[in-house]
Every structure is written in C-alpha cells, then in structure tokens.
Amino acid sequence: KSLIDMYSEVLDILSDYDSNYNTQDHLPRVVVVGDQSAGKTSVLEMIAQARIFPRGSGEMMTRSPVKVTLSEGPHHVAMFKDSTREFDLGKEEDLAALRHEIELRMRKSVREGQTVSPETISLSVKGPGIQRMVLVDLPGVISMDPQGKRTIFVLTKVDLAEKNLASPSRIQQIVEGKLFPMKALGYFAVVTGKGSSNESIEAIKDYEEEFFQSSNLLKTGMLKAHQVTTKNLSLAVSDCFWKMVRESVEQQADAFKASRFNLETEWKNNYPRLRELDRNELFEKAKNEILDEVISLSQVTPKHWESILQKKLWERVSTHVIENIYLPAAQTMDSGTFNTTVDIKLKQWTDKQLPHKALEVAWETLQEEFARFMAEYKGKDQDDIFDKLKEAVKDESIKRHKWNERALDSLRVIQHNALEDRSITDKPQWDAAIQFMEETLQARLKDTDSVITDMVGPDWKQRWLNWTNRTSEQIKDTWHQLYRRHFLQKALFHCNLCRRGFYYYQRHFVDSELECNDVVLFWRIQRMLGITANTLRQQLTNTEVRRLEKNVKEVLEDFAEDNEKKVQLITGRRVQLAEDLNLDDLLAVLSCLKVTIGVHFCIDWKKEGLGLQVRS
C-alpha cells in the first residue's frame, strides 16, 4: 500500500473505534472551517481538482462527515471505500453520478429526528499532480486552534475583493495576519472561479492564474507569489500535513501500546476466565443463543400445549360458565327448562365471546412459553450481559407478531358443534365429567366461604381468643352469599349421587327419580375445552410458532444493522473494556506506518541533499 493509503486506513480504523473522533483527533487530517458561502467547498474542489461535492448546500457537507483521501495517480478517478466502482472525474456524467451518490449516502446516514450523523463517508481521489493528504469535513465545526499551530488561513474571492475595495492594502493586512487577530502557519489568497457552478476546474485554474498575473496585488508587492493560487495552497497544506503526521504517528503508536497494557491488566484482574469479546462478537453470541431458544419453542410437545391451553382457557371462562350459564339454568324447576336455558346461553356465548377468549388465551400462552424458554435457558454458560438484549428481542418480536385471526370463524363452528353434543359414550367419560364438576363446585364453595367470612367477621371462638369483634361493615345482609353456599353444597351432594347415574343416563333417566343434566352440561364444557385446546395447539405449532421464529430472526437482523441499538442493549464496563482492547489492527497499521514514514522522510532528505526538489 502507498503511504497515504496506509494513513487513511488508520483513520478508518480509528473512526470505527471511536465514532466521536475523540481518539482520531490525535492524528492529523485536513479540516476546512469557516462561514457559510465563504467558498470552502470550492477550495476543497480545487485541491481535489474536481467538482465532487453536491451542489446547492453551500458547504462540503451538512449531514455527515466526509473523508477524502487525496493522492497522485495516472488517471483522475474517485472511488468509495466500500465500492469497486471507479468514477472518471474527466467525464461530466460520472461527476454528476458521484455527487448524487454522496448526497444519497448523507441522507441515508441520518436517522429520523436527527439532522447530522456520526457515520463517515469515505472516498479516495487520485490524479496527476494531486497532493497527498486526507481531507475531512465535520458537521458543526466552525472554529478551532486559537494558537494557530495547525491552521493555514485562506482568503477566498480575492478578485471580488480587489474590485470592490476602496483600499486594496486591506487585503495585504489580512494575509499578513494584521487586520484580524487570527494566528496561522501561513496566509494564502485564492480565486475559485467567477461564481458559476457550471465552471470546470480547468477553467477556474486558468481564470485564477490570469487574474493573479494581471493583478496589482502582485505587481505592487502587496501579495507574495508563494501566497497565491490554490496550487501553492495545496503544496503548503500537504507539507504541513505530513510534517504533523510524522510527529504524531510515533507518539500515537506509543500511547496506544501503553493504553493496551493498562486495559489488559484491568481485564485480567476483573474477568480472568472470560474471552475478550467486543460488542459485535457478544451480539453474535447472544443471537445464536436466542435462535436456539426459539427452536426449542417448536419442540414443545402437543400434550404440553394442550394441557396449558385447556387449563388457561378454563380459568378465563369458568366464571362466565358458572355465573351466567349453570347457576341461572339450575334455578329452573324441571330438566326440560334446564336444558333449554343451557342451550340458548351456550349458543349466545359461542356466537359472541368464546372464540375471541380462546384466541386471547392462545396468544398469551405463546408469549408466556416464549418468555419461559428464554428465562429457563440460563445455565452455567449463560451470560447475564445478554439479558437486556434478549428482553428487547422478545418484546419487539411479540410486538411485530400479528395473530392469524382467519381461523376465528372455523373455531366458532368447532366450539358450537362440541357444545351441541350430549352423547357421553362410556363410563370413564361420565366419571371425568363428575370429577370436573365436583372440583369446580368445591372451588366455588371455598371462594363463597371466604366471602362470607369477610362479610360476617370472626366467629365466637376467634372473638374470644383474639379479642376481636365484628365491625359494622361486616354485619350486613349476607343472605345472597348464604343462599349461594347452600346451593353449592346441595349441588355437590347431587353430584355425588350422580356418580352412579351413567346407567340411568343411558336410559334417558326413564323411570328414575335421579336426573343428572348438570353433569351432562359439565361434560359438554369439558369436551369443548379439550377440542378447543387441540385446535389452538394445531394453529400454534403449524403457524404461529413459525411466524414468531421468523419475527425473531428479522428483529435480530435489524438489531445487527443498528449500532446504536447494540450500544444501548449490550452495556457495562466489561463491554467497553473489550471494545477498547480491540486495537490489534490499529496497532499493526500504526507500527507499519511509523516505519514507512521514517523510511520515506529519510529518502526525501537524501534526494534533497543531492539537489533534487522532491516533496514528501
């Protein structure tokens, strides 16, 4: 690689290492500052010898940093760092395409709600006679270097100044640093065209040379010959640039070596058993873990799915079944009215509420199982540094997931058919319905007893032993709850009698005083729960789990491209320390650059000693 390419690579690595330029500021690059419309873009384009920047903005860039690596070459071409396309700067159509591409990259780099971006746009420009240097324009930089140790002062539009000034000596005072308190290494006066954006670089160079050849500023000695033209300015900037590079590279390499030693010592003392993984490496590791966890979700057994679905669905609808269907129907005097009331209420329930409740339960179950797998995956190798990232991936994946509700109508038909069926085919089904009914009624009776206790207050024994009395709020009308308890106790007694009722059920309770229509109701509910759980399980395993897996992969891909998101979600001293330790490439290039610069300047000194005018 050439010297300038090596140096440019160092700046690129530093840019990735520290996007805020805090570190990179220790190494020189040429930065152009000044008021808007002062001609900064034109000066840069004259140095690059091509109109490469978007027109109309009045500045080199207004949205993101642009780094231009200039070097000499046989052909005048430009190329982006991340592309193989060469733009022929001698062709107007290629110039237009280059400007358009720069503007597009600027716009894409700025996130919504922001005006500038820290992402650097890097390109190289080569051509005959171009001085080697690195130009960078940073948004928001308008002044720097109060001591003038790193500044070259440039006065633009001198042709207009000479024409319009009543006292041309004012220009002399400016370039001698006497009129304004601005210190600098040198002062230059340039002309960058007549103000038309359509002028070519060659036309501008010819105009500049013609102006200074005929200008009184040179003839009268107000300006020195070495102080004028962009060509002389380029030579001066390049000389200063490389002098500073030579002085700073060795110092910077030594500083990074010392910094790395300190960081390595801190790592060994605090994280002796862990590898030094930077943020991107940690993200890849977390990504693989998350994908493994999602795959585990697809391996949940059908039995497990149906068990938790049936349990959760009954928890969701049991109150409605007892309070709005069973209890009202049980108040009727005969079995015909009981069955009619049950059928009507079941039909209304299925038409309006039940399918929606079932889908809500299925969606919540999928979310809970997904969260459970991500939580239970933690083992001895699990790294809690990923917790924040995993939680964000889980939340974003669930947020993006849209449940397929096209199955709602078919689920309604399935539930309706299940609830219409009254044909209990064998004794085990009858016994299962008896057990289901008994457990449900016992749970309701327990809740009712608790309510009555709260309403009535402590009994005589508790009042005697604990010296507590009933409050006025507790002494109130408890008739409804007492009646409810009496009814549930009676229903449980009836449920126990119906254990031997399957024989009479098969004979439709003919010639029998025992009627067990409530058992049939609970069998119908129990069967509907089982069939619904099976249907939902099929939708989960065949459709929803796969779609959730796809969402997780898409979220991970989006997060992988979002550096700000990774910084936000993978945090802590350990992460920052690993990031700071990731200096191997930088140190290698700096060391190579240090040697190359030393050899390069030595060769230049020898050539100059032989009388050759070779600039470094």
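Each value, and the rule that gives it
- Counting starts from 1 at the beginning of each chain's written sequence and moves along it residue by residue.
- Local features in a predicted model are, by the rule used here, given only for residues with pLDDT of at least 70; side-chain atom pairs are given and counted only at 80 or more, and totals for whole chains, interfaces and linings are based on all residues.
- Just so you know, side-chain values use all the structure's heavy atoms and leave hydrogens and water out.
- Only DSSP runs of H or I reaching four residues or more are called helices, and only runs of E reaching two or more are called strands; each is numbered from the N terminus.
- A 1.4 Å probe rolled over the protein chains alone gives each residue an accessible area, and that area as a share of the maximum for its type sets the label: buried under 20%, exposed over 50%, partly exposed in between.
- For every accessible area listed, the method is Shrake-Rupley and the probe measures 1.4 Å; residues are considered covered only by the protein chains on display.
- An axis is simply a line fitted to the C-alpha atoms; with a helix, the fit covers only the stretch in contact. Between two such axes, the angle follows the N-to-C directions and lies from 0 to 180 degrees.
- Geometric relationships in this document are graded by angle, where less than 35 degrees denotes roughly parallel, more than 145 denotes roughly antiparallel, 65 to 115 denotes roughly perpendicular, and other angles denote oblique.
- By convention, the crossing between two helices is left-handed when the near helix turns anticlockwise from the far helix through less than a right angle, and right-handed when the turn is clockwise.
- The contact criterion used is simple: two residues touch if any of their non-hydrogen atoms lie within 4.5 Å.
- Under the scheme applied, nonpolar residues are Ala, Val, Leu, Ile, Met, Phe, Trp, Tyr, Cys and Pro; charged residues are Asp, Glu, Lys and Arg; polar residues are all the others, including Gly.
- UniProt positions are given in the numbering used here, feature names are shortened, and annotations may be inferred rather than shown by experiment.
- Patch membership is restricted to residues that have no salt bridge and whose relative accessible area is over 30%. Joining uses 9 Å for like charges and 5 Å for the nonpolar side chains Val, Leu, Ile, Met, Phe, Trp and Tyr.
- The term salt bridge refers to a side-chain nitrogen of Lys or Arg lying within 4 Å of a carboxyl oxygen of Asp or Glu.
- Put simply, a nonpolar core is a bunch of buried Ala, Val, Leu, Ile, Met, Phe, Trp, Tyr and Cys residues held in one set by side-chain atoms that sit within 4.5 Å of each other.
- Pairs of strands are assigned from DSSP output, requiring at least two bridges between the strands.
- Under the rule applied, a polar contact is a pair of N or O atoms within 3.5 Å (in protein, one hydrogen donor and one hydrogen acceptor; residues adjacent in sequence only if both atoms are side-chain atoms).

Student: Break down the overall build of the protein chain for me, citing the residues and quoting the values.
Tutor: Assigned secondary structure in the protein chain consists of 22 helices and 8 strands. A total of 616 residues make up the protein chain; the buried ones form 43% of that total. In the structure as shown, the protein chain presents an accessible area of about 33600 Å², 50% of it carried by carbon and sulfur atoms.

Student: Outline the packing of helix α10 (residues 302–330) against helix α12 (residues 354–376), listing residues and values.
Tutor: The N-to-C vectors of α10 and α12 enclose an angle of 130°; their axes lie 9 Å apart at closest approach. When the axis of α10 is compared with that of α12, the two are oblique. For the pair α10 and α12, the sense of crossing is right-handed. Along the contact surface, α10 presents His304, Trp305, Ile308, Leu309, Lys312, Leu313, Arg316 and Val317, while α12 presents Leu354, Lys357, Ala358, Glu360, Val361, Ala362, Glu364, Thr365, Leu366, Glu368, Glu369 and Arg372. In terms of residue class, the contact of α10 with α12 is built from 10 nonpolar, 2 polar and 8 charged.

Student: I'd like to hear about the side chain of Arg574, residue by residue, with values.
Tutor: As for its position among the elements, Arg574 is in helix α21 (residues 573–581). Using a relative accessible area of 13% as the deciding quantity, one classes Arg574 as buried. Not counting residues up to four positions away in its chain, the partners in contact with Arg574 are Trp267, Tyr271, Leu274, Leu282, Asp383 and Ile385.

Student: How would you sum up the UniProt feature "coiled-coil region" (unreviewed entry) in the protein chain? Please name residues and give values.
Tutor: Per the UniProt annotation, the sites labelled "coiled-coil region" (unreviewed entry) are residues 538–565. Within the segment residues 538–565, helix and strand shares are 96% and 0% respectively, and the terminal C-alpha atoms sit 36 Å apart.

Student: Describe a nonpolar patch on the surface, naming the residues involved and giving the relevant values.
Tutor: A cluster of nonpolar side chains, namely Trp479, Leu482 and Tyr483, defines an oily patch on the protein surface of about 330 Å² accessible area. Note that Tyr483 resides in helix α17 (residues 479–497).

Student: Describe the nonpolar core, listing the residues and the values that go with them.
Tutor: With 83 residues, the main nonpolar core has Leu297, Tyr326, Trp349, Leu366, Trp430 and Ile525 as its most contacted residues. In terms of residues, this core owes the most to one element, helix α19 (residues 517–561), which gives 17 residues. For Tyr326, the residues in contact, after removing those within four places along its chain, are Val321, Met437, Leu441, Phe487, Ala491, Asp518, Leu521 and Phe522.

Student: Tell me what's going on with the pairing of strand β3 (residues 77–80), and back it up with residues and numbers.
Tutor: Two strands pair when backbone bridges link them, and β3 and strand β4 (residues 87–88) are joined in this way by 2 bridges, in the antiparallel orientation. Each residue of the ladder has a partner; that of Ala78, found in β4, is Phe87. Turn length for the β3-β4 hairpin, with the two strands adjacent in sequence and antiparallel, is 6 residues. As paired elements, β3 and strand β5 (residues 121–127) share 4 bridges and run antiparallel to each other.

Student: Tell me about the pattern of salt bridges, and please be specific about residues and values.
Tutor: One pass over the structure, following the stated rule, counts 31 salt bridges. Put simply, Glu101 and Arg105 hold a salt bridge, and the shortest N to O gap is 2.9 Å. Of the two residues, Glu101 and Arg105 both sit in helix α3 (residues 92–109), 4 residues apart, roughly one turn of that helix. Of the residues examined, Glu101 reaches a relative accessible area of 26% and is grouped as partly exposed. One salt bridge in this structure joins Arg499 and Glu438, with 2.7 Å as the shortest N-O distance. With Arg499 in the loop between α17 and α18 (502–506) and Glu438 in helix α15 (residues 427–456), this pair connects stretches of sequence that are 61 residues apart. We classify Arg499 as partly exposed; its relative accessible area is 35%. Through salt bridges that share partners, Asp82, Glu101 and Arg105 make up one connected network.

Student: Which residues make up the side chain of Glu544, and what are the values?
Tutor: The topology assignment puts Glu544 in helix α19. A polar contact of 2.8 Å, which involves the side chain of Glu544, links it to the side chain of His401.

Student: Lay out the packing of helix α11 (residues 335–352) against α19 with the relevant residues and their values.
Tutor: The geometry of α11 relative to α19 is characterised by a closest axis approach of 10 Å and an angle of 20° between their N-to-C directions. If you check the angle between α11 and α19, you find them roughly parallel. Note that α11 runs across α19; the crossing there is right-handed. Counting all contacts with α11, which are made through Ser335, Phe338, Asn339, Val342, Asp343, Leu346 and Trp349, the residues of α19 involved are Asn517, Asp518, Leu521, Arg524, Ile525 and Met528. Residues that form the contact of α11 with α19 fall into these classes: 7 nonpolar, 3 polar and 3 charged.

Student: With reference to specific residues and values, describe the environment of Ala286.
Tutor: Mapped onto the secondary structure, Ala286 falls in helix α9 (residues 279–297). Considering only alpha carbons, one finds Ala286 and Leu556, 270 residues apart in sequence, at a separation of 9.7 Å. Non-local contacts of Ala286, meaning those with residues more than four positions away in its chain, are made with Phe386 and Leu389.

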